Every structure is written in C-alpha cells, then in structure tokens.
Amino acid sequence: MTADPTLRTLRPDDAEACAALVRSAFSAQDVVTDPPSSALRETGDSLRAWIAAGGGVGIAAGDRLLALLLWAERDGGLYCGRLAVDPAARGRGFARALVAEAEREARRRSLPRLHVRVRLQLAGNLALFASLGFREIARDVHAGYPEPTLAVLEKRLDG
Ligand SMILES: CC(C)(COP(=O)(O)OP(=O)(O)OC[C@H]1O[C@@H](n2cnc3c(N)ncnc32)[C@H](O)[C@@H]1OP(=O)(O)O)[C@@H](O)C(=O)NCCC(=O)NCCS
C-alpha cells in the first residue's frame with residue numbers, strides 16, 4: 001500500500017533527497033530557460049546549509065519526497081525558493097499546499113509578506129503565483145543579459 005502524501009518540516013538530513021528532487025524538477029520545466037537555472041547545480045551540501053539557516057517544507061509519501069519549498073527570512077519577509085514538484089506528481093495541488101504552508105510560517109513569524117523570484121520566460125509559473133495572490137513588484141536581470149530575466153513577486157499578508 002502507498003502512504004498518503006503528508007506535509008512535513010524539512011530537516012538538514014533531508015538535504016540529499018531535496019537536491020535530487022530540485023535537480024529533477026527544474027530539469028523538467030515548461031521551457032528551457034536562458035540562462036539555465038542555478039537550481040540545476042544544487043547539491044546536498046548547498047541545500048543542507050539552506051535548510052539549517054532558513055528551513056522549508058516538503059510533501060512525502062512514506063520515504064519518498066514528492067515536493068518541497070525552501071524559505072529564508074530576507075528583506076522584511078519570507079523569501080521562498082526552489083519550489084519543486086516531482087514531474088510524476090504535478091497537477092495535484094502540491095505547489096499550492098506548499099505555498100499555503102509558507103504563508104502560515106510567515107504569519108507565525110509575524111512577517112508581513114512572502115516573496116519569490118520567477119523567470120519571465122516561465123509564463124505558467126507566473127500564472128501559478130498570480131493565482132496564489134502574488135503580484136509583481138520589480139524586475140531583475142542576470143549579469144550579462146540586456147533585458148530583465150526575472151520578476152520579483154510578493155504576497156502581502158498585512159493587507
Ligand atoms: C511549477 C510547479 C512547482 C507546479 O507544481 P504543481 O504541484 O503541479 O502545481 P499545483 O498542482 O499546486 O497547481 C497550482 C495551480 O497552478 C497551475 N499551474 C501549475 N503549473 C502550471 C503551469 N506550468 N502552467 C500553467 N498553470 C500551472 C495549476 O493548474 C493549478 O491551478 P488550479 O489550482 O487553478 O487548478 C511544478 O510544475 C514544478 O516543479 N516545476 C519545475 C520547477 C519550477 O519551475 N519551480 C518553480 C520556480 S518559480
């Protein structure tokens with residue numbers, strides 16, 4: 001019998017599984033981004049450091065990690081990154097559930113906002129965050145690129 005997917009806090013010893021999931025999820029984006037996502041270079045060590053300093057939440061079925069979101073307190077809010085859902089587990093509301101948990105975490109910490117950075121090339125991801133109540137507050141550009149490559153989105157929690 002397969003265990004039901006359950007939300008749980010990520011621990012530093014989840015880091016290797018998190019790195020494998022992040023790399024496989026970001027390898028299966030709707031569009032191949034230019035430049036390639038730095039998520040493809042995540043390792044157990046880099047994510048162990050992120051989880052230890054910030055934290056995050058995962059969705060697991062038994063021992064199998066299906067989805068995750070990492071966060072860090074930054075710029076007066078909870079920055080959310082590396083949102084990753086196993087390609088075989090998409091379209092089941094996991095991303096939505098993880099962002100809802102990030103919102104609860106920000107409220108527990110009395111932070112007034114969530115923020116994320118999304119590639120402008122990824123229209124589906126922009127639509128996902130818009131549907132979750134985020135709005136664009138700025139654009140950013142990767143070094144060496146002539147035009148913006150990223151949208152900075154936030155969700156206010158104090159409105
Ligand atoms: C983007 C991603 C996290 C979405 O995960 P998911 O669990 O399939 O998303 P959900 O099932 O929670 O979908 C939430 C909503 O967003 C919509 N959505 C999700 N991905 C979408 C896409 N690529 N295009 C259009 N809409 C999308 C869903 O239709 C759903 O809308 P609904 O609730 O009105 O039906 C997943 O596709 C992924 O891991 N992608 C690769 C890594 C990545 O790009 N991460 C985000 C970086 S900003």
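Everything here concerns the structure above.
Small disclaimer: the values here were computed from a predicted structure and weren't measured. (Residues numbered from 1 in each chain as written. Predicted model: local features only at pLDDT ≥ 70, side-chain atom pairs only at ≥ 80, totals over all residues. Heavy atoms only, no water.)

Asks: Would you mind going over the overall build of the chain in detail, with residue names and values included?
Replies: Helices and strands together make up the secondary structure of the chain, namely four helices and seven strands. Start at the N end of the chain and walk to the C end: the helices and strands fall as β-α-α-β-β-β-α-β-α-β-β. What you see for the chain is a C-alpha radius of gyration of 15 Å, in line with the 15 Å of a compact globule of 159 residues. Projected onto the principal axes, the alpha-carbon positions of the chain cover approximately 50 × 35 × 30 Å. Burial status across the chain gives 45% buried among its 159 residues. Across the chain, the fraction of contacts at a sequence separation of at least 24, relative to all contacts at a separation of at least 6, is 63%. (Helix = DSSP H or I, 4+ residues; strand = E, 2+ residues; numbered from the N terminus. Rg over C-alpha atoms; globule rule 2.2 N^0.38 Å. Buried < 20%, exposed > 50% of the residue type's maximum accessible area, 1.4 Å probe, protein only. Contact = heavy atoms within 4.5 Å.)

Asks: Got a sec to walk through helix 1 (residues 15-27)? Specific residues and values, please.
Replies: Here helix 1 contains 13 residues, and its C-alpha end-to-end distance of 18 Å stays within 8% of the 18 Å for a straight helix at 1.5 Å per residue. Buried residues in helix 1 make contact with helix 2 (44-53), strand 3 (64-74) and strand 4 (77-85). (Expected span 1.5 Å × (residues − 1).)

Asks: I'd like a description of the site of the ligand, backed by residues and values.
Replies: Around the ligand lies a shell of 19 residues, among which D30, L83, G91, G93 and R96 are the nearest. L83 is positioned with one of its backbone polar atoms (N or O) 2.7 Å from a nitrogen atom of the ligand. Within the backbone of R92, an N or O atom sits 3.3 Å from an oxygen atom of the ligand. When the free accessible area of the ligand is taken as 900 Å², the share hidden by the protein chains comes to 70%. Of all the secondary structure elements, the ones that give two or more residues to the shell around the ligand are helix 1, strand 4, helix 3 (94-108) and helix 4 (123-131). If you tally residues by element for the shell around the ligand, the top one is helix 4, at four residues. Split into classes, the residues belonging to the shell around the ligand amount to 10 nonpolar, five polar and four charged. (Near = heavy atom within 4 Å. Polar contact = N/O pair within 3.5 Å; in protein donor to acceptor, adjacent residues only side chain to side chain. Areas by Shrake-Rupley, 256 points an atom, 1.4 Å probe, with all protein chains shown as cover. Nonpolar A, V, L, I, M, F, W, Y, C, P; charged D, E, K, R; others polar.)

Asks: Account for unusual backbone geometry, with residues named and values stated.
Replies: Note that the residue after D34, namely P35, is joined by a cis bond; omega there is 0°. Assignment of secondary structure puts P35 in the loop between helix 1 and helix 2. Residue R82 is not a glycine yet carries a positive backbone phi of 60°. For S110, which is not glycine, the phi torsion reads 60° and is therefore positive.

Asks: Explain the sheet that holds strand 2 (residues 56-61) to me, and be specific about the residues and the numbers.
Replies: If you trace the seven strands from one edge of the open sheet to the other, you get 1-2-3-4-5-7-6, paired in mixed fashion. Looking at strand neighbours, the two that pair on one side only are strand 1 (6-9) and strand 6 (135-140), the edges of this open sheet. Here the average twist between neighbouring strands, direction ignored, is 25°. Sheet analysis places strand 2 next to strand 3, joined by six bridges and oriented antiparallel. In the strand pairing of strand 3, V57 is matched with L69. (Pairing = 2+ DSSP bridges. Axes fitted to C-alpha atoms, helices over the stretch in contact; angles between N-to-C directions.)

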